[in-house]
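Summary of structural features
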Amino acid sequence: MAVTAADVKKLREITGAGMMACKKALGATDGDMDKAVDYLREQGLAGAEKKAGRIAAEGVSFTKISDDKKSGVVVEVNAETDFVAKNEKFQTYVYEVCDQALKSDAADIDAFLAEKWNLDPSRTVAEQLSEEISIIGENMHIRRFKKLTEENGFVEGYIHAGGRIGVILQVKSDVVNDAVHEMAKNIAMQIAALNPKYTSRKEVDQAFLDSETEILTAAAKNEKPDAPEKVLAGMVQGRLNKELKEICLLDQVYVKAEDGKQSVQKYVESVAKAQNANIELVTFARFETGEGLEKKNEDFAAEVAAAVKN
């Protein structure tokens, strides 16, 4: 019986095992789904079978920087409970995933999961994840990763609140010393705290600017219907600038500014001048653990009642 991609996908969803392992199991059992599940269980690769449907929205976002500081990754791995997320074994595994991602050339999460696990090439990353689920006893999910590389400078990393937020920052600089690294660390902390969407205004999509301008113009006309076009245009531009200062990193007020007014751009320029350097913040990645994921509704009383019934 021919094994279809849909069959492989279904078996992966049931067991949490890797794609190649599922394909092999279906081939060995002539496409019988139940027998394929048993096959994987016998191989120790289906420990996630009963856990695959559980919501995994807790976890950590960790970063790892290469020894030469030229590359860095941020990785989010989810678990079901905060208790497991704080577990040393879970966190050790996440750091191993970070190390894998740092050495990976995978373009997306599916390609990453299909890679050979560096610590045991007889398994894929997905198969190792399934093994970890079996050991730790909760559903887990490697949700996403982002890798940045800068040959003419460095990549800085920052982990906030034990992994609640992970940030990597790509910095181009012809001078790399303690002062420049301290600047990058401060800005990575700023990114964690204020959650900018863009590095600079040049990254902002024109469609977004057009849409916001249209909305702000309509609002301004409603507020001051008799105002001249020049006045309305000034109102719109002022409000748009205020919004861009919130979402663009370089426009944000630097959180450690003594006068409460200095922008991140001015802070970078001041460090560059003091160090006689040319410094550019190229881009960044910020992962906040669980953002956009459905959280499990914890009802301990109901859980106990259900357990008693069973």
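You'll find the structure just up there.
Our subject in this report is the structure included herewith. (Residues numbered from 1 in each chain as written. Predicted model: local features only at pLDDT ≥ 70, side-chain atom pairs only at ≥ 80, totals over all residues. Heavy atoms only, no water.)

**Considering the overall build of the chain**
Broken down by element type, the chain carries 12 helices and 8 strands. For the chain, the residues scored as buried account for 43% of the 310 residues in total. Counting only contacts in the chain whose residues sit at least 6 apart along the sequence, the fraction spanning at least 24 positions is 64%. Just so you have it, the chain exposes about 16,800 Å², and 50% of that area is on carbon and sulfur atoms. (Helix = DSSP H or I, 4+ residues; strand = E, 2+ residues; numbered from the N terminus. Buried < 20%, exposed > 50% of the residue type's maximum accessible area, 1.4 Å probe, protein only. Contact = heavy atoms within 4.5 Å. Areas by Shrake-Rupley, 256 points an atom, 1.4 Å probe, with all protein chains shown as cover.)

**Considering the pattern of salt bridges**
It is possible for side chains of opposite charge to pair when their charged atoms get near one another. For the structure shown, the criterion picks out 13 salt bridges. With a shortest N-O distance of 3.1 Å, lysine 103 and aspartate 99 are connected by a salt bridge. With lysine 103 and aspartate 99 both in helix 5 (residues 88-103), this residue pair falls 4 residues apart, about one helical turn. A relative accessible area of 57% places lysine 103 in the exposed class. The residue glutamate 156 makes a salt bridge to lysine 185 at a minimum N-O spacing of 3.4 Å. A residue pair is termed long-range when its members are at least 10 positions apart, and glutamate 156 in strand 6 (residues 153-160) and lysine 185 in helix 8 (residues 178-194) qualify at 29 residues. Beyond isolated ion pairs, a larger network of salt bridges with shared partners links Glu76, Arg143, Arg144 and Glu291. (Salt bridge = Lys/Arg side-chain N within 4 Å of Asp/Glu carboxyl O.)

**Here's the deal with the packing of helix 1 (residues 5-15) against helix 2 (residues 19-28)**
Taken N-terminus to C-terminus, the directions of helix 1 and helix 2 make an angle of 110 degrees; their axes are 9 Å apart at the nearest point. By the angle between their directions, the pair helix 1 and helix 2 is classed as roughly perpendicular. You can see that helix 1 and helix 2 cross each other, and the crossing is right-handed. Mapping the contact onto sequence places Asp7, Val8, Leu11, Arg12 and Thr15 in helix 1 and Met19, Cys22, Lys23, Ala25 and Leu26 in helix 2. Split into classes, the residues belonging to the contact of helix 1 with helix 2 amount to 6 nonpolar, 1 polar and 3 charged. (Axes fitted to C-alpha atoms, helices over the stretch in contact; angles between N-to-C directions. Parallel < 35°, antiparallel > 145°, perpendicular 65-115°, else oblique. Left-handed = near helix turned anticlockwise from the far one by under 90°. Nonpolar A, V, L, I, M, F, W, Y, C, P; charged D, E, K, R; others polar.)

**Some words on helix 8**
Taking 1.5 Å as the rise per residue, helix 8 with 17 residues should run 24 Å; its terminal C-alpha atoms sit 24 Å apart, in good agreement. The set of residues buried in helix 8 consists of Val180, Met183, Ala184, Asn186, Ile187, Ala188, Gln190, Ile191 and Ala192. Against the buried residues of helix 8 lie strand 6, strand 7 (165-173), helix 11 (264-274) and strand 8 (279-288). Capping of helix 8 at its N-terminal end is provided by asparagine 177; its side-chain oxygen lies 3.2 Å from the backbone amide nitrogen of alanine 179. Taken from the residues just after helix 8, asparagine 195 is the one with a positive phi, measuring 50 degrees. (Expected span 1.5 Å × (residues − 1). Polar contact = N/O pair within 3.5 Å; in protein donor to acceptor, adjacent residues only side chain to side chain.)

**Details of the nonpolar core**
One recurring pattern in soluble globular proteins: nonpolar side chains tend to sit buried together. Counting 27 residues, the largest nonpolar core has Phe90 and Ile142 as its most contacted members. Of all the secondary structure elements, the ones that give two or more residues to this core are strand 1 (58-65), strand 2 (71-79), helix 4 (82-85), helix 5, helix 6 (109-114), helix 7 (125-136) and strand 5 (141-149). The element best represented in this core is helix 5, accounting for 7 residues. Excluding anything up to four places from it in sequence, phenylalanine 90 contacts Gly59, Val60, Val77, Asn78, Ala79, Val84, Ala85, Ile136 and Met140. Listed in part, the 26 residues of the second largest apolar core include Val171, Ile187, Val271 and Phe284. (Core = buried A, V, L, I, M, F, W, Y, C linked by side-chain atoms within 4.5 Å.)

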